[in-house]
Amino acid sequence: MRAVQYIMCMLEIIGARFVLGQYTAAYETAIRSNTLLDGGYDPISRPKATTEVRVGIGILAIDQLDLRNQMFTFAGWMEVEWRDERLKWTPAAGNGNIESVFSTSDIIWKPELVIDNALEDLGVITADNLNLRYDFEGDVKWEPPRLFNVHCQVDVTFYPYDQQKCSIVVIGWSYTVEEVDLAFLSKAINTDDLETHGEWIVTQTETVKAVLEETLEDGTKRRFPQLEFWISIQRRHAFYNLNVIMPVVVTSLLIALTFIVPFESGEKLSYILTVSVPSRAPYSMYLGIVTVLSAVGMLTTVLLLMVYHNEDGISESTSASSECILLIARVAATLICSSKRHLIGRRVSSKVVKVVPVNGHEHAALEQRVKSAESGKKGADDEKANVTWQDVAIILDRFVFIVFLAVTVAINFGFLVGLVVGGKTTVP
């Protein structure tokens, strides 16, 4: 009988403790009243002379990197923690053994933090609709979500194989470093919840602590705490290989084919205008040089058409420009082993023959030499008559094709290798 009574008594004690130890809204309200409302708590005064505030940043998703406006945008949140000794209490059965409660942001002290390199929403970070959590040891935790829009110095030298490095600079606004000091929650940005982005990959994050100095008019210097959160991102270049690099490379090679289109077709100039490289991505030196190469190809095509449609005969052309064209054509014909290379640019030197009275034999010999010279000049003119400006234009066309093709291949190969290697080895 006594054993039964003992067991019943123990069950009543355990049940009472269970009821007293469970959470109720009244218990949390009582704790909040004792620590914040009825305890003479001042939300303006900082917790102690030098309050350490630990700050971290988490990233949820990358929105974009605006190259024109030099702006990096991503969605994330800030993690801010500090200790306020005024908020302590002792968990017990009388208050439900509660170890942490919540408070609205207007009745509790918070550090004034500013994103120093923000391009939008520049001001003290606030989250009026977000509650703060604090525990029985006085540790306060605040996690305001935010869309970060920060300035980022972009370098597109190795586009689209580039890497970029952007920072989020957090500074303490009102309090100096002697009053509120900032520290990092961790050595890196939190990327555990980062969503996959279609264009950028986060490769590395790091943190740097600094001090921002301000000099007043009287020469007094004030030092404010500053935290720098750096994030390195690398562009996914598979899309650009297919949609930017490959079309430009193929088009640049097609430009060289302009110089094997027959002049008689009448489509030589229209062809090069059709395949000229468009300005699809003005961020790369490579695309700029290919565009210049296209312009040079168009200019060369126009000049060759002018040579081809020259109505004057070669033997009648005595201008310096004609002599220069023939000299270039002769060199080009030699380099490409043209069958007419020995006919271009040949000139017969005309000598003035002075006739003087001589005896019969000498006069006959002189007359024979004059006839031979005239016969040789006529033969040279006949050979020269076999070469026209059309022949010269065709020879130059074949020569320019070989040169243009070699230069195009070299430029494409050199720049593509340089972009890939430079993009991988350059540390942002």
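Before any of the text, the structure's been laid out above.
Presented here is an overview of the structure given in this document. (Residues numbered from 1 in each chain as written. Predicted model: local features only at pLDDT ≥ 70, side-chain atom pairs only at ≥ 80, totals over all residues. Heavy atoms only, no water.)

What about the pattern of salt bridges?
Reasoning step 1: This structure, assessed with the given rule, holds 17 salt bridges.
Reasoning step 2: With its nearest N and O atoms 3.4 Å apart, the salt bridge here joins Asp181 to Lys209. Here Asp181 is found in strand E9 (residues 180-184), whereas its partner Lys209 is found in strand E10 (residues 200-215), with 28 residues between them in sequence.
Reasoning step 3: Taking relative accessible area as the criterion, Lys209 reaches 46% and is therefore assigned partly exposed.
Reasoning step 4: Salt bridges here are not isolated pairs; linked through shared partners, they connect Glu52, Arg54, Glu81, Lys141 and Glu143. (Salt bridge = Lys/Arg side-chain N within 4 Å of Asp/Glu carboxyl O. Helix = DSSP H or I, 4+ residues; strand = E, 2+ residues; numbered from the N terminus. Buried < 20%, exposed > 50% of the residue type's maximum accessible area, 1.4 Å probe, protein only.)

A look at the state of the cysteines
Linking two cysteines covalently via their sulfur atoms produces the bond known as a disulfide.
Reasoning step 1: The full count for this structure, using the stated rule, is 1 disulfide.
Reasoning step 2: Here Cys152 pairs with Cys166 through a disulfide, and the sulfurs are 1.9 Å apart. Classification of the bridge connecting Cys152 and Cys166 rests on its S-S torsion, roughly -75 degrees, and on that basis the disulfide is left-handed. Of this pair, Cys152 sits in the loop between strand E7 (145-151) and strand E8 (163-172) while Cys166 sits in strand E8, and the two are 14 residues apart along the sequence. Cys166 carries the same exposure label as Cys152, and that label is buried. (Disulfide = S-S within 2.5 Å.)

Considerations on the packing of helix H3 (residues 238-256) against helix H8 (residues 389-425)
Relative placement of two packed helices is described by the angle separating their axes and the distance separating the axes.
Reasoning step 1: At their nearest, the axes of H3 and H8 sit 8 Å apart, and the two run at 165 degrees to each other. What the angle tells us is that H3 and H8 run roughly antiparallel. You can see that H3 and H8 cross each other, and the crossing is right-handed. Residues Ile245, Val249, Ser252, Leu253, Ile255 and Ala256 of H3 pack against Phe401, Phe404, Leu405, Thr408, Val409, Asn412 and Leu416 of H8.
Reasoning step 2: Here the contact of H3 with H8 is built from residues that sort into 10 nonpolar, 3 polar and no charged. (Axes fitted to C-alpha atoms, helices over the stretch in contact; angles between N-to-C directions. Parallel < 35°, antiparallel > 145°, perpendicular 65-115°, else oblique. Left-handed = near helix turned anticlockwise from the far one by under 90°. Contact = heavy atoms within 4.5 Å. Nonpolar A, V, L, I, M, F, W, Y, C, P; charged D, E, K, R; others polar.)

Treat this as a map of the structure, not an account of what it does.
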